Amino acid sequence: MTDPPAWRRYLELCKPRVVVLIVFTAVVGMFLSVAGWPPLHAMLAGTLGIALASSSAAAINHLLERQSDARMARTRDRPLPSGQLAVENVLGFAVVLGLLSMAVLGFWVNVLTALLTFLSLIGYAIVYTVWLKRATPQNIVIGGAAGAAPPVLGWTAVTGQVDPHSLLLFLIIFAWTPPHFWALAIHRRADYAAADIPMLPVTHGLSFTRLHILLYTILLVIVTVLPYLTGMSGLPYLAGVTVLNLGFLWYAARMLMSADRQLPMQTFNYSVTYLFMLFAFLLIDHYFTLVVG
């Protein structure tokens with residue numbers, strides 16, 4: 001089998017599937033921040049800057065995790081542990097992406113968005129990856145703050161300020177992250193144990209983790225009702241998110257009662273669809289309300 005072309009290796013460093021979800025939530029934040037349509041220049045430049053920053057953070061994560069990745073079956077074929085890319089090349093790639101993102105956001109969007117994006121990049125790529133991930137089994141709970149920032153970044157890209165409603169979007173992703181990631185951690189428990197990473201299933205066992213997935217899912221259900229209760233969204237969103245929440249609760253309850261090895265990944269995959277659809281419902285509701293109103 002021939003090695004993939006260089007561009008594909010660098011694209012893999014950016015974790016494109018993750019970045020797509022990040023950018024989507026940021027773009028929804030842009031649309032929700034205004035009554036009509038967000039300014040085109042802010043939307044385009046903001047989207048580009050956030051995507052570049054997310055890609056830079058992902059590349060730094062690849063760089064810092066290369067030794068752990070080499071010990072995990074899921075990640076040992078990544079460009080760095082497999083020797084397809086050199087450390088110095090990945091470092092240069094990550095730095096260039098990071099600088100470009102700050103330039104785009106600082107010069108063509110606003111300084112607040114650039115600052116918050118930089119803090120999110122550092123939070124994920126450095127604080128979480130270097131310290132939190134190996135410091136505590138609550139790593140993903142605390143570190144989830146960095147991953148929850150994109151809707152706030154999208155909002156500030158358009159308005160230049162942090163709005164309380166944007167913080168509700170932050171809170172939704174913050175509450176969503178633990179059950180989402182712990183489902184994957186259960187599936188990959190042996191890998192994390194081999195890499196000496198204290199993920200919750202490794203340190204506290206599978207039953208404990210399954211229980212906490214259910215508890216955090218219940219918390220998520222409560223949090224996702226807040227946009228309706230605060231008047232940020234209406235009945236179309238509430239109807240859609242209720243269906244989504246019932247699905248997530250069903251998966252979480254099944255995981256608690258069953259040791260089926262397929263369930264963790266099914267739950268993980270559902271959680272990705274869940275977040276995408278939740279933000280889609282927020283967007284649909286926003287413009288439905290404007291048209292009807």
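Please read these numbers as outputs of a predicted model, since none were measured by experiment.

What counts as what
- Counting from 1, residues in each chain are numbered in the order their sequence is written.
- It should be noted that, the model being predicted, local features are given only for residues of pLDDT at least 70 and side-chain atom pairs only at 80 or more, the latter also being counted only at that level, while totals for whole chains, interfaces and linings use all residues.
- In computing side-chain values, all of the structure's heavy atoms are included and hydrogens and water are not.
- Under the DSSP-based scheme used, a helix requires at least four consecutive residues in state H or I and a strand at least two consecutive residues in state E, with every element numbered from the N terminus.
- Restricting the calculation to C-alpha atoms gives the radius of gyration, and the globule rule supplies 2.2 Å times the number of residues raised to the power 0.38.
- For the exposure calls, accessible area comes from a 1.4 Å probe over protein chains only, and a residue counts as buried if that area is under 20% of its type's maximum, exposed if over 50%, partly exposed in between.
- Only buried Ala, Val, Leu, Ile, Met, Phe, Trp, Tyr and Cys residues count toward a nonpolar core, and they belong to the same one when joined by side-chain atoms within 4.5 Å.
- In this description, contact between two residues means that some pair of their heavy atoms is separated by no more than 4.5 Å.
- Salt bridges, as used here, are contacts in which a Lys or Arg side-chain nitrogen is within 4 Å of a carboxyl oxygen on Asp or Glu.
- Multiplying 1.5 Å by the helix residue count minus one yields the expected span of that helix.
- Note that the arc is defined by the directions from the helix axis to the C-beta atoms.

## Overview of the overall build of the protein chain
Inference 1: Within the protein chain one finds 14 helices and 0 strands.
Inference 2: Walking the protein chain from its N terminus toward its C terminus, one meets helices and strands in the order α-α-α-α-α-α-α-α-α-α-α-α-α-α.
Inference 3: Expected size for 293 residues packed as a compact globule is a radius of gyration near 19 Å; at 19 Å, the protein chain falls within 12% of this value.
Inference 4: Reported as C-alpha extents along the three principal axes, the dimensions of the protein chain are approximately 55 × 50 × 35 Å.
Inference 5: Residues classed as buried in the protein chain amount to 51% of the 293 residues present.

## Structural notes on the nonpolar core
Note on soluble globular proteins: their nonpolar side chains tend to be buried together.
Inference 1: In terms of nonpolar packing, the biggest core is built from 48 residues, with W176, Y274, L278 and F279 touching the most fellow members.
Inference 2: Among the secondary structure elements, those contributing two or more residues to this core are helix 2 (16-32), helix 6 (111-135), helix 7 (139-147), helix 9 (164-187), helix 12 (206-229), helix 13 (235-257) and helix 14 (263-292).
Inference 3: Among the elements that take part in this core, helix 9 stands out by supplying 12 residues, more than any other.
Inference 4: Setting aside its immediate chain neighbours within four residues, L278 contacts I172, T224, Y237, V241 and L244.
Inference 5: Counting residues in each nonpolar core, the second largest holds 23 residues, with F31, A45, A51 and A157 among its members.

## Quick notes on the pattern of salt bridges
Side-chain pairs of opposite charge can arise where the charged atoms are in close proximity.
Inference 1: Applying the stated criterion across every chain, the model contains 5 salt bridges.
Inference 2: K133 serves as the salt-bridge partner of E65, at 2.6 Å between the closest nitrogen and oxygen. Taken together, the positions of E65 in the loop between helix 3 (40-64) and helix 4 (66-70) and K133 in helix 6 put the pair 68 residues apart, joining distant regions of the chain. Summarising the burial analysis for this pair, E65 and K133 share the class buried.
Inference 3: Here D191 ties to R188 by a salt bridge, and the two come within 4.0 Å at their closest N and O atoms.
Inference 4: Since its relative accessible area comes to 11%, D191 is described here as buried.
Inference 5: The class of R188 is partly exposed, set by a relative accessible area of 26%.
Inference 6: Here the residues in one salt-bridge network are E65, K133 and R134, joined through shared partners.

## Observations concerning helix 5 (residues 87-108)
Inference 1: Compared with an ideal rise of 1.5 Å per residue, which puts 22 residues at 32 Å, helix 5 spans 31 Å between its outermost C-alpha atoms and is within 8% of the ideal.
Inference 2: Within helix 5, burial applies to V90, A94, L97, G98, S101, V104 and L105. For helix 5, the angular spread of the buried residues around the axis is 130°, confining them to a single face. Opposite the buried face of helix 5, by more than 90 degrees, sit the exposed residues E88, L99 and F107.
Inference 3: Each element contacted by the buried residues of helix 5 is listed here: helix 1 (6-13), helix 3 and helix 6.

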